[in-house]
Amino acid sequence: MKSRSAKPPKEGLSLEWVYGYGGLSNTANNLFYNEDDHAVYYTAAVGIVFDRHLHKQYFFHGHDNDIKCAAMHPGKRIVATGQVGSTTGPPIVCIWDTTVNKKTGQIKGRVAQLPFEGAPAVISLAFSEDGERLVPLREIEHTTGHLLAEREEVPVELDKPLL
């Protein structure tokens, strides 16, 4: 008979598959194809890259609360995802690379993270046609757009709230 081990088990969990899709209740753009013909979408706080040919999902874990919007860069490799604020901080926009590394089997992941103090959520994102600028809309009393170019942030006040 084998003796019991006094060693604690290895701790940790790993995500194997994400079931579900928030596309029915979410009216923001939320499904894209990247340059490798993989579907890129999100549900809850997870960005997902789905290779339909291999029936495999790859995950981006850069958010700490629900993702509300996404935008695909015109080059079809980089995506930006925006979230609602969390108990630990303001809403953020993550810019991440959807390319799957053939050696490791992982997506390349986060390129940048931008916080938006004083707003409950980032509700919409769009890249400019040339891909040089990203325009996020954040939810506040009067919805405000921010034009981000290089290291500058220029607020653009809208006349009316979008909601």
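Residues numbered from 1 in each chain as written. Predicted model: local features only at pLDDT ≥ 70, side-chain atom pairs only at ≥ 80, totals over all residues. Heavy atoms only, no water.

**Q** Pulling in residues and values, what's your account of the overall build of the protein?
**A** The secondary structure content of the protein amounts to 0 helices and 12 strands. Going from N to C terminus, the protein has its helices and strands arranged as β-β-β-β-β-β-β-β-β-β-β-β. Per-residue burial over the protein gives 40% buried out of 163 residues. By sequence separation, contacts in the protein at least 24 residues apart represent 35% of the contacts at least 6 residues apart. Carbon together with sulfur atoms contributes 52% to the accessible area of the protein, which is approximately 10,800 Å² in total. (Helix = DSSP H or I, 4+ residues; strand = E, 2+ residues; numbered from the N terminus. Buried < 20%, exposed > 50% of the residue type's maximum accessible area, 1.4 Å probe, protein only. Contact = heavy atoms within 4.5 Å. Areas by Shrake-Rupley, 256 points an atom, 1.4 Å probe, with all protein chains shown as cover.)

**Q** Which residues make up the environment of Leu137, and what values go with them?
**A** Within the secondary structure, Leu137 sits in strand β10 (residues 134–139). On the basis of relative accessible area, Leu137 is assigned to the buried category, the value being 17%. Each C-alpha atom of the pair Leu137 and Val122 lies 5.8 Å from the other, and the pair is 15 residues apart in sequence.

**Q** I'd love a proper account of the side chain of Thr43, names of residues and values included.
**A** Relative to the elements of secondary structure, Thr43 occurs in strand β2 (residues 39–43). Here Thr43 is in contact with Val18, Gly20, Tyr21, Gly22 and Ile48, once residues within four sequence places are set aside.

These figures come from the coordinates and say nothing about function on their own.
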